[in-house]
Amino acid sequence: VQLQASGGGLVQPGGSLRLSCAGSGSIYSIGVMGWYRQAPGKQRESVAGVVDDSPYYSDSVQGRFTISRDNARNAVFLQMNSLKPEDTAVYYCRMVVAESSSSNAVYWGQGTLVTVSS
């Protein structure tokens, strides 16, 4: 199983970006899908996640970011609005993937850099 993330880039404060992450390989089903980020010199932190159709967000992005998933495409998205310089980080997607009815594992995407700067 591989996760491919895309959509990062340079954006001015107040701008928007949309991140995408698609899973491929031997996928039976996917449970939790989520996004994490890691800023320079800081630990990786959870940004948002979605279980079935129930999303959750960190306090720092609540009201600005929206997570969504497309189960048919094994994909998760993160719409980021009103971006701030403190949102600058490498963003990673994470999925709990079942490769059969009796086993699952956690997979990470390769990371995509988001830079918010004027």
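Quick caveat, the model's predicted, so the values are computed rather than measured.

To continue, consider the sheet that holds strand β3 (residues 17-24). Spatial ordering of the open sheet is given by β1-β3-β8-β7, a layout of 4 strands whose pairing is antiparallel. Two strands lie at the open edges of the sheet, namely β1 (2-6) and β7 (65-70), each paired on one side alone. With direction set aside, neighbouring strand axes in the sheet form an average angle of 15°. Relative to strand β8 (residues 75-80), β7 is paired through 6 bridges, and the arrangement is antiparallel. Looking across to β8, one finds that Arg69 is bridged to Val76.

Attention shifts here to the packing of aromatic side chains. Under the defined criterion, the tally for this structure stands at 1 aromatic pair. Consider the rings of Tyr36 and Trp108, whose centres lie 5.0 Å apart with planes at 65°: the pair is edge-to-face. With Tyr36 in strand β4 (residues 29-38) and Trp108 in strand β10 (residues 103-108), the pair connects residues that are 72 residues apart, well separated along the chain. Sitting over the face of the ring of Tyr92, Arg44 holds its NZ or CZ atom 3.7 Å from the ring centroid. Residue placement shows Arg44 over the ring face of Trp108; its charged tip is 4.7 Å from the ring centre.

Our next topic: the pattern of salt bridges. Considering all chains together, one arrives at 4 salt bridges under this definition. In this structure, Arg37 and Asp87 form a salt bridge, with 2.9 Å as the shortest nitrogen-oxygen distance. With Arg37 in strand β4 and Asp87 in the loop between β8 and β9 (89-100), the pair connects residues that are 50 residues apart, well separated along the chain. Each member of the pair, Arg37 as well as Asp87, is classed as buried. Notably, a salt bridge pairs Asp70 with Arg73, separated by 3.5 Å at the nearest N-O pair.

Counting residues in each nonpolar core, the largest one holds 28 residues, and the members touching the most others are Trp35, Phe65, Val76, Leu78, Met80, Tyr91 and Met95. Going through the elements one at a time, β1, β3, β4, β5 (45-51), β7, β8, β9 and β11 (112-116) are the ones with two or more residues in this core. Ranked by residues supplied to this core, first place goes to β9 with 5 residues. Leaving out residues up to four positions away in the same chain, Met95 has contacts with Leu3, Cys21, Gly23, Ile30, Val32, Met33, Asn74, Ala75, Val76, Ala105, Val106 and Tyr107.

Criteria and cut-off values
- Residues numbered from 1 in each chain as written.
- Predicted model: local features only at pLDDT ≥ 70, side-chain atom pairs only at ≥ 80, totals over all residues.
- Heavy atoms only, no water.
- Pairing = 2+ DSSP bridges.
- Helix = DSSP H or I, 4+ residues; strand = E, 2+ residues; numbered from the N terminus.
- Axes fitted to C-alpha atoms, helices over the stretch in contact; angles between N-to-C directions.
- Phe/Tyr/Trp six-rings, centres within 6.5 Å; stacked < 30°, edge-to-face > 60°.
- Lys NZ or Arg CZ within 6 Å of the ring centre and 35° of its normal.
- Salt bridge = Lys/Arg side-chain N within 4 Å of Asp/Glu carboxyl O.
- Buried < 20%, exposed > 50% of the residue type's maximum accessible area, 1.4 Å probe, protein only.
- Core = buried A, V, L, I, M, F, W, Y, C linked by side-chain atoms within 4.5 Å.
- Contact = heavy atoms within 4.5 Å.

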